[in-house]
Amino acid sequence: MLGHRGCRLGIAYPEITETQARAIFEAAAAVQKKGIKVKPEVMVPLVGFKRELDLQVEVIHRVAAEVQKEQKIKIAYSVGTMIEVPRGALTADEIAHTAEFFSFGTNDLTQTALGVSRDDMGNFLGAYTENEIFKKNPFATLDQTGVGQLVQIAIEKGRKTRPDIKLGICGEHGGEPESVKFFHRVGLNYVSCSPYRVPVARLAAAQAAIEEKRAAKK
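What counts as what
- Residues numbered from 1 in each chain as written.
- Predicted model: local features only at pLDDT ≥ 70, side-chain atom pairs only at ≥ 80, totals over all residues.
- Heavy atoms only, no water.
- Helix = DSSP H or I, 4+ residues; strand = E, 2+ residues; numbered from the N terminus.
- Rg over C-alpha atoms; globule rule 2.2 N^0.38 Å.
- Buried < 20%, exposed > 50% of the residue type's maximum accessible area, 1.4 Å probe, protein only.
- Contact = heavy atoms within 4.5 Å.
- Areas by Shrake-Rupley, 256 points an atom, 1.4 Å probe, with all protein chains shown as cover.
- Lys, Arg positive; Asp, Glu negative; His and termini not counted.
- Charge placed at Lys NZ, Arg CZ, Asp CG, Glu CD.
- Pairing = 2+ DSSP bridges.
- Patch = residues over 30% accessible without salt bridge, like charges linked within 9 Å, V, L, I, M, F, W, Y side chains within 5 Å.
- Salt bridge = Lys/Arg side-chain N within 4 Å of Asp/Glu carboxyl O.
- Axes fitted to C-alpha atoms, helices over the stretch in contact; angles between N-to-C directions.
- Phe/Tyr/Trp six-rings, centres within 6.5 Å; stacked < 30°, edge-to-face > 60°.

Visitor: I keep staring at the overall build of the protein chain and nothing clicks. Help me out?
Guide: Within the protein chain one finds ten helices and five strands. Here the protein chain has a C-alpha radius of gyration of 19 Å; the compact-globule value for 218 residues is 17 Å, and the two agree. Its C-alpha atoms give the protein chain principal-axis dimensions of about 60 × 45 × 35 Å. By the burial criterion, 41% of the 218 residues in the protein chain qualify as buried. In the protein chain, once contacts between residues fewer than 6 apart in sequence are set aside, the share between residues at least 24 apart is 67%. Summing over all exposed atoms, the protein chain offers an accessible surface of approximately 11,900 Å²; the carbon and sulfur share of this is 54%. Taken together, the 30 basic and 26 acidic charged side chains of the protein chain have centroids lying 8 Å from each other.

Visitor: Even after reading the chapter, I still don't get the pairing of strand β3 (residues 101-105), so can you show me in this structure?
Guide: Regular strands place their side chains on alternate faces of the sheet. Summarising burial for β3: five of the five residues are buried, a large majority. Of the two faces of β3, the one lined by Phe101, Ser103 and Gly105 and the one lined by Phe102 and Phe104 are each fully buried. Bridging between strand β2 (residues 78-83) and β3 involves three bridges; their strand directions are parallel. In the strand pairing of β3, Met82 is matched with Ser103. The sheet contact formed by β3 and strand β4 (residues 166-170) spans five bridges and is parallel. Each bridged residue has a counterpart across the sheet, and for Phe104 the counterpart in β4 is Ile169.

Visitor: Looking at this structure, how should I read a positive patch on the surface?
Guide: Positive charge collects at one region of the surface, where Lys213, Arg214, Lys217 and Lys218 lie side by side. Take Lys217: its relative accessible area is 76%, and that puts it in the exposed class.

Visitor: How should the sheet that holds strand β1 (residues 41-44) be read in this particular structure?
Guide: Whether parallel or antiparallel, the strands of a sheet pair through hydrogen bonds between backbone atoms. Taken together, the five strands give an open sheet; going across it, the order is β1-β2-β3-β4-β5, and neighbouring strands pair in parallel fashion. Lying at the two open borders of the sheet, with one neighbouring strand each, are β1 and β5 (190-192). Along the sheet, successive strands turn relative to each other by an average axial angle of 30 degrees, direction set aside. Across the sheet, helix α6 (residues 106-114) touches β2, β3 and β4, and the angle it forms with β3 is around 60 degrees.

Visitor: Is there a simple way to think about the packing of aromatic side chains in this case?
Guide: Two descriptors summarise a pair of aromatic rings, namely the distance from one centre to the other and the angle between the planes of the rings. Across all of its chains, the model carries five aromatic pairs by this definition. Chaining the aromatic ring pairs together yields one cluster made of Phe124, Tyr128 and Phe134.

Visitor: How should I be thinking about the side chain of Thr17 in this particular structure?
Guide: Checked against the element boundaries, Thr17 lands in helix α2 (residues 14-32). Classification of Thr17 by relative accessible area gives buried; the value is 7%. Setting aside chain neighbours within four positions, we find Thr17 in contact with Gly10, Gln56, Val59 and Ile60.

Visitor: How should the pairing of β1 be read in this particular structure?
Guide: Here β1 shows a buried face lined by Val42 and Val44 and an unburied face lined by Glu41 and Met43. Pairing of β1 with β2, which is carried by four bridges, proceeds in the parallel orientation. Residue pairing for β2: Val44 is matched across the bridge by Thr81.

Below you can see the structure in the form of structure tokens.
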């Protein structure tokens, strides 16, 4: 799950990022010419260093300018990053100088924070649950004390640099009720999850909002 992927692949092979960016902006131009409002949000994954994001954003902006010139059209878009490694969370104030939004990739953030791979944790998950090391599977329900603390640090630091930064979460935790309520409490703007989890996520988000209103009245 680690290694040569995410932004690392794009830095080693910028032409991959160029191709992906061109596909996004050419598609946006085609849709916009049909009279449909569109605003792409280009997300660079696995960023842990501001320089990683800077290098990828340079490519994205260059390709966006090329496509707009070729298509004779103006496209409104934003570029942000996924916070998926602890260093990205701890240096979110630096990264927010470049990133217009954060999407927390809590699947990978859980792996990198716990040093546990989803691929082989089944070998010891039973023992860890029985011994109450894991109260719940951390890939199903967010570890609010550990991984959640990294999320909170990144939110605080990101907003310190960019007060209006858009914040969300992408991953299976985005459809788990306890996790959704946590994300609401810490101030995320949205959750993204697999389609079949959307009804549960909507219900949990509504419950979180109601609980917040009730608490404010006390």
